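Observations on the three-dimensional arrangement
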Amino acid sequence: MERDKLQAHGAILLANTIFGLGVPVTKVLLDQWVSPLTYMATRSLGAAVVFWIIASLMKPEKVERRDLQVIMLGGLTGFVVSQTLTAEALNYTSPVYFSLIATLTPVAVMLLAALTIGERITGIKTLGVLLGIGGAVLMVVMGQTMGSGSNDLLGIILAILSVLTWAVYLIITRKVAVKYSPVTQMKYVFLVSAIVTVPLAWGELGTQPLFQVSTFAWDGALEMAFIVLCATVLGYFLIPFAMKSLSATTVSIYTNLQPMVASFIAIALGQDRLTWDKPVAALLVLLSAWIVTERAKS
């Protein structure tokens, strides 16, 4: 059991490192190569193809109808809705602000758990929530004067909505994550995601620089390959793998690794600059997540 938990912690650590790297890479893709909708369709279709190929090489696993509905609902909330909001958020704000908002995931999980399963919110948890909200408010206020995005307020709001839908995904898929293999879950998650996003993006595929012969470049193709194979296939494989041994709240706390990775890469690439509000906001949201997670354990 301890070995399983150790592997689960390693899996979620790797997943969030990859997700952190994916934030600035996504920013480059959206700025230079694809629209948010085309970005989502490419991720969905690419991941669906990979997972169904892998599944064809494995022993078939029967999924109960009710569980299949939960898995597909998880795909719609945790990937289609959450990641579409992520792509739109990065259109308007910087990778640093977005990844800082992402660290509020444990707070969102706790609040939704209180609303859906009646988990009690103590005074210390309330303090944690208020600290997280304070960090988000600081980012909103300073983003209006010091932000480097085209519309940081809108981007931050979209990022908050993305975090909320991701928290919903973690909560509703917790039970089925224990019952089925990650490949079985993800092949259905990305099948329903592709069914939704590909038809919506079909009309604009031919207009995107990444898919035009005259503007095609290998750096854009490699960036998209990283997003599909690493930030989607590998990352979303590791999440349900970790959830077999860890709680949704524990899984969510590892989201705090993302801003460290994303901020370092984004600033190194010149996508953002280091201003005083970012480390202060980071301190507030990380402290918030730590309080919420520690109290959840007790």
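The coordinates are above.
Note that the structure is a prediction, hence the values are computed from the model and not measured.

What counts and how
Residues numbered from 1 in each chain as written. Predicted model: local features only at pLDDT ≥ 70, side-chain atom pairs only at ≥ 80, totals over all residues. Heavy atoms only, no water. Helix = DSSP H or I, 4+ residues; strand = E, 2+ residues; numbered from the N terminus. Buried < 20%, exposed > 50% of the residue type's maximum accessible area, 1.4 Å probe, protein only. Contact = heavy atoms within 4.5 Å. Phe/Tyr/Trp six-rings, centres within 6.5 Å; stacked < 30°, edge-to-face > 60°. Lys NZ or Arg CZ within 6 Å of the ring centre and 35° of its normal. Salt bridge = Lys/Arg side-chain N within 4 Å of Asp/Glu carboxyl O. Expected span 1.5 Å × (residues − 1). Bend = angle between axes of the 7 residues up to and from the residue. Axes fitted to C-alpha atoms, helices over the stretch in contact; angles between N-to-C directions. Parallel < 35°, antiparallel > 145°, perpendicular 65-115°, else oblique. Left-handed = near helix turned anticlockwise from the far one by under 90°. Nonpolar A, V, L, I, M, F, W, Y, C, P; charged D, E, K, R; others polar. Patch = residues over 30% accessible without salt bridge, like charges linked within 9 Å, V, L, I, M, F, W, Y side chains within 5 Å. Areas by Shrake-Rupley, 256 points an atom, 1.4 Å probe, with all protein chains shown as cover.

Some details on the overall build of the chain
- On a plain count of helices and strands, the chain comes out with 13 helices and zero strands.
- When its helices and strands are written in sequence order, the chain yields α-α-α-α-α-α-α-α-α-α-α-α-α.
- For the chain, buried positions account for 53% of its 298 residues.
- When contacts within the chain are restricted to residue pairs at least 6 apart in sequence, long-range pairs at least 24 apart make up 91% of them.

Concerning the packing of aromatic side chains
- With the rule as written, the count across this model stands at 10 aromatic pairs.
- With centroids separated by 4.8 Å and ring planes inclined at 75 degrees, the aromatic side chains of Phe79 and Phe190 adopt a geometry described as edge-to-face. On the criterion of sequence distance, the pair formed by Phe79 in helix 3 (residues 65–92) and Phe190 in helix 9 (residues 182–201) is long-range, its members being 111 residues apart.
- Taken together, a centroid distance of 5.3 Å and an interplanar angle of 80 degrees make the contact between Phe216 and Trp218 edge-to-face.
- With relative accessibility at 36%, the residue Phe216 sits in the partly exposed group.
- Judged by its relative accessible area of 63%, Trp218 is exposed.
- By way of ring pairs, the aromatic residues Phe19, Phe51, Phe79, Trp166, Tyr169, Phe190 and Tyr236 are connected into one cluster.
- Across the ring face of Trp52, the terminal group of Lys187 is positioned such that the distance to the ring centre comes to 4.5 Å.

Concerning the pattern of salt bridges
- In the structure shown here, the tally under the stated rule is two salt bridges.
- With a shortest N-O distance of 3.7 Å, Lys179 and Glu64 are connected by a salt bridge. Here Lys179 is found in helix 8 (residues 174–179), whereas its partner Glu64 is found in the loop between helix 2 (36–56) and helix 3, with 115 residues between them in sequence.
- In this structure Lys179 comes out as partly exposed when scored by relative accessible area, which is 42%.
- Among the salt bridges present, the one from Asp67 reaches Lys179, with a minimum N-O distance of 2.6 Å. Note that Asp67 is positioned in helix 3 and Lys179 in helix 8, a separation of 112 residues in sequence.
- Linked through salt bridges whose partners overlap, the residues forming this network are Glu64, Asp67 and Lys179.

What to know about helix 9
- Between its terminal C-alpha atoms helix 9 stretches 27 Å, which fits the 28 Å expected from 20 residues at 1.5 Å a residue.
- At Ala194, helix 9 shows its largest bend, some 30 degrees.
- Across the 20 residues that make up helix 9, a large majority, 15, are buried.

So, the packing of helix 1 (residues 2–32) against helix 10 (residues 218–243)
- Where helix 1 contacts helix 10, the axes come no closer than 8 Å and their chain directions differ by 150 degrees. With respect to each other, helix 1 and helix 10 are oriented roughly antiparallel. Remark: the crossing between helix 1 and helix 10 carries left-handed chirality.
- Among the residues making up the contact of helix 1 with helix 10, the classes are represented as 22 nonpolar, five polar and one charged.

Some details on the packing of helix 3 against helix 9
- With their axes 8 Å apart at the nearest point, helix 3 and helix 9 run at an angle of 60 degrees to one another. It follows from the interaxial angle that helix 3 and helix 9 lie oblique. The way helix 3 lies across helix 9 gives a crossing that is right-handed. Note on element contacts: helix 9 touches helix 3 through Gln185, Tyr188, Val189, Phe190, Val192, Ser193, Val196 and Thr197, opposite Leu68, Ile71, Met72, Gly75, Leu76, Phe79 and Val80.
- Split into classes, the residues belonging to the contact of helix 3 with helix 9 amount to 11 nonpolar, four polar and no charged.

A look at the environment of Gly20
- When you line up the elements, Gly20 lands in helix 1.
- Judged by relative accessible area, which is 0%, Gly20 ranks as buried.
- For the pair Gly20 and Val261, spaced 241 residues apart in sequence, the C-alpha to C-alpha distance is 5.1 Å.
- The contacts of Gly20, once residues within four sequence positions are left out, are Gln258, Val261 and Ala262.

Remarks on a nonpolar patch on the surface
- Taken together, the side chains of Leu45, Val49, Ile53, Ile54, Leu57 and Met58 present a nonpolar region at the surface, about 550 Å² in accessible area.
- In this structure, Val49 sits in helix 2.
- With a relative accessible area of 43%, Val49 lands in the partly exposed category.

Digging into the environment of Ser82
- Within the fold, Ser82 resides in helix 3.
- Not counting residues up to four positions away in its chain, the partners in contact with Ser82 are Thr77, Ser162, Thr165 and Trp166.

Describing the environment of Pro36
- Relative to the helices and strands, Pro36 resides in helix 2.
- Classification of Pro36 by relative accessible area gives buried; the value is 11%.
- The spacing of Pro36 and Leu85 is 49 residues in sequence and 9.0 Å in space, taken between C-alpha atoms.
- With residues near it in sequence (within four places) discarded, Pro36 still touches Leu30, Ala87, Glu88 and Asn91.

Nothing here speaks to function; it is geometry throughout.
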